[in-house]
Amino acid sequence: NMQEEQKQKRRNLIAYSVIGIAALILLVLYFVFDPTEYGIFPKCPFLYLTGLYCPGCGSQRALHCLLHGDLAGVWAYNPMIFFVIAVVLYQAVYKLLELSGRKLPQNIFKRRYPPLIILGIILVYWVARNLPFYPFDTLAPG
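As the structure is a prediction and not an experimental result, all values here were calculated from the model.

## What to know about the packing of helix 1 (residues 2-32) against helix 3 (residues 59-67)
- Their axes nearest at 8 Å, the elements helix 1 and helix 3 cross at an angle of 85°. Viewed along their axes, helix 1 and helix 3 adopt a mutual orientation that is roughly perpendicular. Counted together, Leu27, Tyr30 and Phe31 of helix 1 and Gln60, Leu63, His64 and Leu67 of helix 3 form the full contact between these two elements.
- Classifying every residue of the contact of helix 1 with helix 3 by side-chain character gives five nonpolar, two polar and no charged.

## Digging into helix 5 (residues 80-99)
- Spanning 20 residues, helix 5 covers 29 Å between terminal C-alpha atoms, matching the ideal 28 Å at 1.5 Å per step.
- Considered for burial, the residues of helix 5 that qualify are Met80, Ile81, Val87 and Tyr94. With its buried residues spanning 160° around the axis, helix 5 presents them on a single face. Set apart from the buried face of helix 5 by more than 90 degrees, the exposed residues are Leu89 and Leu96.

## Thoughts on the layout of surface pockets
- Roughly 810 Å³ of internal volume is contained in the largest pocket.
- In terms of lining residues, the largest pocket is bounded by 23 residues, among which Ala23, Leu27, Val88, Leu89 and Ala92 are the most central.
- Breaking the lining of the largest pocket down by element, the ones donating at least two residues are helix 1, helix 3 and helix 5.
- Ranked by residue count, the leading element in the lining of the largest pocket is helix 1, at 10 residues.
- In terms of residue class, the lining of the largest pocket is built from 19 nonpolar, three polar and one charged.

Here is what the cut-offs are and how they apply
Residues numbered from 1 in each chain as written. Predicted model: local features only at pLDDT ≥ 70, side-chain atom pairs only at ≥ 80, totals over all residues. Heavy atoms only, no water. Axes fitted to C-alpha atoms, helices over the stretch in contact; angles between N-to-C directions. Helix = DSSP H or I, 4+ residues; strand = E, 2+ residues; numbered from the N terminus. Parallel < 35°, antiparallel > 145°, perpendicular 65-115°, else oblique. Contact = heavy atoms within 4.5 Å. Nonpolar A, V, L, I, M, F, W, Y, C, P; charged D, E, K, R; others polar. Expected span 1.5 Å × (residues − 1). Buried < 20%, exposed > 50% of the residue type's maximum accessible area, 1.4 Å probe, protein only. Arc of directions from axis to C-beta. 1 Å grid on protein atoms, 1.4 Å probe; cavity = no way out; pocket = protein on both sides within 12 Å on 5 of 7 lines; lining within 4 Å. Points joined across faces, edges and corners; volume = space filled by probe spheres on them.

Put into structure tokens, the structure is as follows:
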């Protein structure tokens, strides 16, 4: 039914708007407050419990660096952020265009293998950044 479809589109638009506003607020917080200096940001429970780095360790500091244009700092804290940003931006643009009735080429997450490839990349990165020898030790945050 056309009316129900319009209601669903409106609900989606509201949901994506709320997510966008929340993301903007978080970006402002990460711009203003350096996670290395302020304890208001959550710590990594995996690092706390195991002493090992998860794929996200260093991401908060990397995001702060990114927002200040410090690409070397981003790379030093978590080089995976560049990959994550590319995937998130693609998804965001895809959804925005979809809401407006336009389309990007095939959404990478609507196919079977790309999500598994992405998961594989993350798992390999997770292991590699915990290896205590060069060049893998350069993947550890800091």
